[in-house]
Amino acid sequence: MRRLFTHDRLPAMRKLAIVPPFAWLALFLLVPFLLVLKISFADLRFGIPPYTPLATLENETLTLGVHLSSYLLLFTDSLYIATYISSVKMALVTTVCCALIGYPMAYYIARANPKARNLMLLGVILPFWTSLLLRVYAWVGILRSDGLLNNALMALGLIDAPLEIYRTDLAVYIGLVYAYLPFFILPLYANLVKFDMRLLEAAYDLGAKPFQAFWRVTLPMSLPGVIAGSLLVFIPTVGEYVIPEMLGGADTLMMGRLMWTEFFNNTDWPMAAAVTCVMVLILIVPLALLQYNQARQFDSERRRGKA
Amino acid sequence: MAKPDRFLRAFVLTLGYGFLYVPIACLMLFSFNDSAMMTSWTGFSLRWYHELFSDQALLSAAGLSLQIAALTATAAVALGTWAAYVLVRMGRFRGSGLYVGMLCAPLAMPEVVLGISLLLMFVELGELIGWPAGNGMFTIWVGHVTLCIAYVAVVIQARIRDLDRSLEEAALDLGASPLKVFFVITLPLIAPALMASWLLAFTLSLDDVVIASFLSGPGYTTLPLEVFSRVRLGLKPEINALATLFILIVGLCVIVASKVQWRKEET
């Protein structure tokens, strides 16, 4: 039987077919990032572009201008350091909250009968399709001191004075968990729904209690889904800009916001580039984990395809 | 099989779906409120819808966004499908690790990273060869396509993997060229997934604030940019009306698409 694109078939065509998507990604993803790396070692100057060139050729002398000033400031200034710590902390707390809410949801969706399952899944996917910006905006009207939540609580007599949530870190947490919850539930659901129920039956037959069976069978089996979901929440949250900007206070420190300020308000492009590099540096381990996860998935799917 | 605890299940699901949907419901409800504040209900009114449709800035921004979204979705589906097909059907090749890496990076990578790096590249390119002359539709489109390829590739590769390969192999055995097999056999089989990923790319592009902030130029304000510049400082009731329409349209599309999908699964 002939196979598509085996090594002996049209090797030249085969190689050519890889090129266009690869070229797009190299040109618009890889090269731009290398440029960010380059500019992070430049110095601020007046003019267009507002940074010094990396190398200049003058009087047959090649001068390399590698400026470390951005990085020196980034690694010594306490405000910057506080921002990294705060970003990572917020992303971690968000991931844990998404796991606490998302795991039981994904679990019960996966266990529901097929008809209800489709409907429940749709309920998770629908917010994912609708505008993040508009959904985060919805929280503004709820969390403000004269907003719906405070009005409701005061009408019920639970509080006397409005709670200050809007423009605090708490509001940012609510917004982040709200926005990223579907990203946790969907990969976990995909894992849980493939779970072989006979494993649980075996555990029960061997005398496990329901919690024990969950803790020692279901949870370990679903770990790949938990990891994928956690990474899909954690990584983008570290660099999130829109949510802290809309719900957070002036003292809500997040790297995405810091980079934005350096770039748009201070027009300090080398600094903004350096902040971006630090962000990627912080995310390199989780990103590599995600890539590994994805690559393994692609591989196992390829094997399945060949079987 | 042990029955999951009914009470716990009801509790978890009510709370979870409540969390996801109550904010949207509030937003929609108060788009019909007469008062400009979301504090109290003062009466039913359509005045914010009226204001929305006479707001020229919002309408022209919406027009631009719809154009960019359609162009983005089309290009992203073409490139993403291509990339997914290469990945699923070609096995390992030199550099396939880098390939998967680059393909999946935009899925999780903070959008600010993609935005700033593309902007810096366009600035450098402009310095070097004088192209692109300025930021605008083209630069935003490039950014959105790069973001959306990843999403499209994930959806399509899942579909291609589930295909029955014997159909393609039969066509090959009958002497069709691989290219013909792709267009005559594979493509029609994955058409629903193509449609779904086109819509996904369309909505992603229609919703993006961050990449467009970096890559847009004067005179090219997309809808999310216009919305964001209004709401970052507080409540704007005409945006409630816009959100309601947006969510209803998207919701309707997703529900119809899912119904079609389910019916197919049943037969």
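Residues numbered from 1 in each chain as written. Chains lettered and ligands numbered in written order. Predicted model: local features only at pLDDT ≥ 70, side-chain atom pairs only at ≥ 80, totals over all residues.

## Focus: the overall build of chain B
Each helix and strand in chain B was counted, giving twelve helices and zero strands. The N-to-C order of helical and strand elements in chain B reads α-α-α-α-α-α-α-α-α-α-α-α. Along the first, second and third principal axes, the C-alpha atoms of chain B reach 70 × 65 × 30 Å. For chain B, the proportion of contacts with a sequence separation of at least 24, taken over those separated by at least 6, is 77%. (Helix = DSSP H or I, 4+ residues; strand = E, 2+ residues; numbered from the N terminus. Contact = placed C-beta atoms within 7 Å.)

## Focus: the overall build of chain A
Looking only at helices and strands, one finds twelve helices and two strands in chain A. Listed N to C, the secondary structure of chain A is α-β-β-α-α-α-α-α-α-α-α-α-α-α in terms of helices and strands. The C-alpha radius of gyration of chain A comes to 25 Å, more than 25% above the 19 Å expected for a compact globule of 307 residues. With respect to the three principal axes, the spread of C-alpha positions in chain A is 85 × 75 × 35 Å. (Rg over C-alpha atoms; globule rule 2.2 N^0.38 Å.)

## Brief notes about the packing of helix α7 (residues 169-192) of chain A against helix α9 (residues 210-238) of chain A
Residue and element names in this part refer to chain A. It is the contact of α7 with α9, at a shortest axis distance of 8 Å, that shows an interaxial angle of 155°. With respect to α9, the axis of α7 lies roughly antiparallel. Judged by the twist between their axes, the crossing of α7 over α9 is right-handed. Taken together, the residues of α9 that come into contact with α7 (itself represented by Leu-176, Tyr-180, Phe-183, Phe-184, Pro-187, Leu-188, Ala-190, Asn-191 and Leu-192) are Ser-222, Pro-224, Gly-225, Val-226, Ala-228, Gly-229, Ser-230, Leu-232, Val-233 and Thr-237. (Axes fitted to C-alpha atoms, helices over the stretch in contact; angles between N-to-C directions. Parallel < 35°, antiparallel > 145°, perpendicular 65-115°, else oblique. Left-handed = near helix turned anticlockwise from the far one by under 90°.)

## Regarding the interface of chain B and chain A
Across the boundary between the two partners, chain B contributes 78 residues, which contact 87 residues of chain A. No other element matches helix α1 (residues 6-30) of chain B, which puts twelve residues into the side of chain B that touches chain A. When the residues that make up the side of chain B that touches chain A are grouped by side-chain class, the tally is 55 nonpolar, twelve polar and eleven charged. (Nonpolar A, V, L, I, M, F, W, Y, C, P; charged D, E, K, R; others polar.)

## A word on the environment of A:Pro21
Mapped onto the fold, A:Pro21 is located in helix α1 (residues 11-39). Sequence-wise, A:Pro21 and A:Leu199 are 178 residues apart; in three dimensions their C-alpha atoms are separated by 42 Å.

## Here's the deal with the pairing of strand β2 (residues 61-64) of chain A
Residues and elements named next belong to chain A. The sheet contact formed by strand β1 (residues 55-58) and β2 spans four bridges and is antiparallel. Paired with Ala-55 across the two strands is Leu-64, which belongs to β2. Following β1, the chain reverses through two residues before pairing antiparallel with β2; Asn-59 in that reversal takes a positive phi of roughly 50°. (Pairing = 2+ DSSP bridges.)

## Some thoughts on helix α6 (residues 137-162) of chain B
Counted at 1.5 Å a residue, the expected span for α6(B) with its 26 residues is 38 Å, and the 37 Å between its end C-alpha atoms agrees. Along its length, α6(B) shows its largest kink, about 30°, at B:Cys148. (Expected span 1.5 Å × (residues − 1). Bend = angle between axes of the 7 residues up to and from the residue.)

## Some points on the confidence of the model for chain B
Mean pLDDT over chain B: 87, with 96% of residues reaching 70 or higher. Here helix α4 (residues 96-108) of chain B is the element of chain B with the lowest mean pLDDT, 83, and helix α10 (residues 210-215) of chain B is the one with the highest, 94. (pLDDT = per-residue confidence, 0-100.)

## Looking at unusual backbone geometry
All names here are of chain A. Positive phi outside glycine occurs at Arg-167, with the angle close to 70°. Turning to its location among the elements, Arg-167 is positioned in the loop between α6 (148-155) and α7. Given 19 C-beta atoms within 10 Å, Arg-167 falls into the partly exposed group. Of note, the phi angle at Thr-267 is positive, near 40°, even though the residue is not glycine. Mapped onto the secondary structure, Thr-267 falls in the loop between α11 (255-265) and α12 (269-306). (Buried ≥ 20, exposed ≤ 12 C-beta atoms within 10 Å, placed from the backbone.)

## Observations concerning helix α5 (residues 111-129) of chain B
Count 3.6 residues to each turn of an α-helix, and residues three or four apart come out pointing the same way. For α5(B), built from 19 residues, the straight-helix expectation of 27 Å at 1.5 Å per residue is met to within 8% by its first-to-last C-alpha distance of 27 Å. Just downstream of α5(B) lies B:Gly130, where phi reads positive at about 70°.

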